Amino acid sequence: MRVAFLSLGCKVNYYETEKMKEKFGERGHMIVSFEEKADIYIINTCTVTNIADRKSRKMLHRARRMNGNALVVAAGCYVDSARKRGETDGSVDFFIGNGEKDHLVEILENALRERESWTVQRKSEAAEGEEHTRAYLKVQDGCNQYCTYCIIPYVRGPLASKPEGQVVAEVEKLAEQGVQEVVLTGIHLSSYGVDFTEKKSFLELDGKPLLSLIQAVGKVQGIRRIRLGSLEPRIITHAFAEELAGQEKVCPHFHLSLQSGCDDTLKRMNRHYSGDEYLEKLEILRKYFVRPAITTDIIVGFPGETEEEFAATCAFAEGAGFAKIHVFKYSRRQGTMADAMEGQVPEQVKAERSDRLIQIGRELEQAYGAPFLGQECQVLLEEISRIQGKDFLVGYHERYVRVAIPVGDRKEAERLCNQIVPVRICEQGEDGTWLGEMVTL
Ligand code: SF4
């Protein structure tokens, strides 16, 4: 994640912000300047005067404007005083008081683990009014999978899908606003449409309702790319992948949550597949798509996870050739079965395992991106951003790799925002972004 910090007020705040930066850096996150686009903005606030309060609010709102989809976090003194006054702020996702600052990384990482729910909400709200290049559209709610670590099935109610006609109407509206890429998301996207039938599980439907939805969205004029949110591995069959591959707007980028590469751990998690079955699904995707980007989530330190089990997960991840891994330390949720399990793993062990897997993820990401060096790809340019002190036009290619091209003429660069252009990838920048040049026809 790209994390930006801003410290207001006294020296103690500055000192604490530096400590926070260190902690985030150690956890594998990239620290960027507050002027750059980030995934998380953390403002260490001050409340010594009314002016300090106002400035804290102003900077929180500025962060929200810089990236409507970011996680905006207010930390510190302003939070404590605003709580006393009963104030809230719609721009802010998290309020972290002084007493909670030490656990900031853990709190945010846990929040990110459940990001489907908040991301979808925030992004679909953003998609309502403003012009965006990419819009996230929530098409499904609820889950009946009951993974033992997850509270969602208990709190989000039964499966509920948005009718296809309604989704198409929303996508048409987005296309009119200039959106070119739509991301279809849900709490359990693979269960899309199950609630319209008598069936109990998506497995009985072979993913047909979701395929039908993708086909319908694919017909909307102006939408050039369709990306899919997290898919349950078991939805991937030859028939499903073949049909998907026939949809030319579908990006070759699939997020298949693995959670663990060890079969015993998967059983305790109540995930209904084995490592071998998961690998078969990857093979199917790789048969129908050229070098698809397979991204995943993995939880480390699940109750009972031994060193051998964790080693199995690491080996699995390396073998699977992921394009990106989101690593989460297991965190207990009251009301879940995993919370009551024996063998809870000490925090320090979780942190060590997380570091090791993050490092493997970095190497895999590098290995996935490197063969694209010198290749041409199609990049949806999104915005002008500062990288290493210079202006770049930044966007993502079909496989969700971040690519930047230098800004020559500013007006021309602004004109190119929200356009899909051919780019040749030339080198990798210090911050990991791939740098390229536009291919002139
Ligand atoms: S699939 Fe598992 S982790 Fe995902 S929402 Fe359902 S119960 Fe939670």
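Our subject is the structure listed above.
We now turn to the structure provided with this report. (Residues numbered from 1 in each chain as written. Predicted model: local features only at pLDDT ≥ 70, side-chain atom pairs only at ≥ 80, totals over all residues. Heavy atoms only, no water.)

1. Focus: the site of the ligand
Inference 1: Around the ligand, the structure places Cys143, Gln145, Tyr146, Cys147, Tyr149, Cys150, Ile152, Pro153, Ile187, His188 and Arg271.
Inference 2: Of the residues in the shell around the ligand, the class split is 8 nonpolar, 2 polar and 1 charged. (Near = heavy atom within 4 Å. Nonpolar A, V, L, I, M, F, W, Y, C, P; charged D, E, K, R; others polar.)

2. Remarks on the environment of valine 168
Inference 1: Take valine 168: it is sitting in helix α7 (residues 164–176).
Inference 2: Distance from valine 168 to proline 406, taken between C-alpha atoms, is 36 Å for residues 238 residues apart in sequence.
Inference 3: For valine 168, the residues in contact, after removing those within four places along its chain, are Ala216, Val217 and Val220. (Helix = DSSP H or I, 4+ residues; strand = E, 2+ residues; numbered from the N terminus. Contact = heavy atoms within 4.5 Å.)

3. Details of the pattern of salt bridges
Inference 1: Across all of its chains, the model carries 24 salt bridges by this definition.
Inference 2: We note a salt bridge from glutamate 365 to lysine 324, for which the minimum N-O separation is 3.4 Å. Of this pair, glutamate 365 sits in helix α13 (residues 347–369) while lysine 324 is found in strand β12 (residues 324–329), placing the two residues 41 residues apart along the sequence.
Inference 3: Judged by its relative accessible area of 33%, lysine 324 falls in the partly exposed class.
Inference 4: The network of salt bridges with shared partners includes Arg134, Glu181, Arg225, Arg227 and Glu382. (Salt bridge = Lys/Arg side-chain N within 4 Å of Asp/Glu carboxyl O. Buried < 20%, exposed > 50% of the residue type's maximum accessible area, 1.4 Å probe, protein only.)

4. Considerations on a nonpolar patch on the surface
Inference 1: On the surface, Tyr146, Tyr154, Val155 and Met337 cluster together into a nonpolar patch covering about 430 Å² of accessible area.
Inference 2: Inspection of the secondary structure assignment puts tyrosine 154 in helix α6 (residues 152–155). (Patch = residues over 30% accessible without salt bridge, like charges linked within 9 Å, V, L, I, M, F, W, Y side chains within 5 Å. Areas by Shrake-Rupley, 256 points an atom, 1.4 Å probe, with all protein chains shown as cover.)

5. Overview of the side chain of glutamate 232
Inference 1: For glutamate 232, the location among the structural elements is in the loop between β9 (225–228) and α9 (238–245).
Inference 2: Apart from residues lying up to four places away in sequence, glutamate 232 is in contact with Gln145, His188, Ser190, Phe202 and Tyr273.

6. Examining unusual backbone geometry
Glycine aside, residues mostly have negative phi angles, and peptide bonds mostly take the trans form.
Inference 1: Although it is not a glycine, glutamine 259 sits at a positive phi angle of roughly 75°.
Inference 2: With respect to the element layout, glutamine 259 can be found in the loop between β10 (253–255) and α10 (263–269).
Inference 3: Even without being glycine, arginine 291 reaches a positive phi, approximately 40°.
Inference 4: As for its placement among the helices and strands, arginine 291 is situated in the loop between α11 (275–288) and β11 (293–300).
Inference 5: With a relative accessible area of 35%, arginine 291 lands in the partly exposed category.

7. Considerations on the sheet that holds strand β1 (residues 2–7)
Inference 1: Strand order in the open sheet made by the 5 strands is β2-β1-β3-β4-β5, with parallel pairing throughout. Across the chains shown, the open sheet's two edge strands, defined by having one partner strand only, are β2 (30–32) and β5 (94–96). Here the average twist between neighbouring strands, direction ignored, is 25°. (Pairing = 2+ DSSP bridges. Axes fitted to C-alpha atoms, helices over the stretch in contact; angles between N-to-C directions.)

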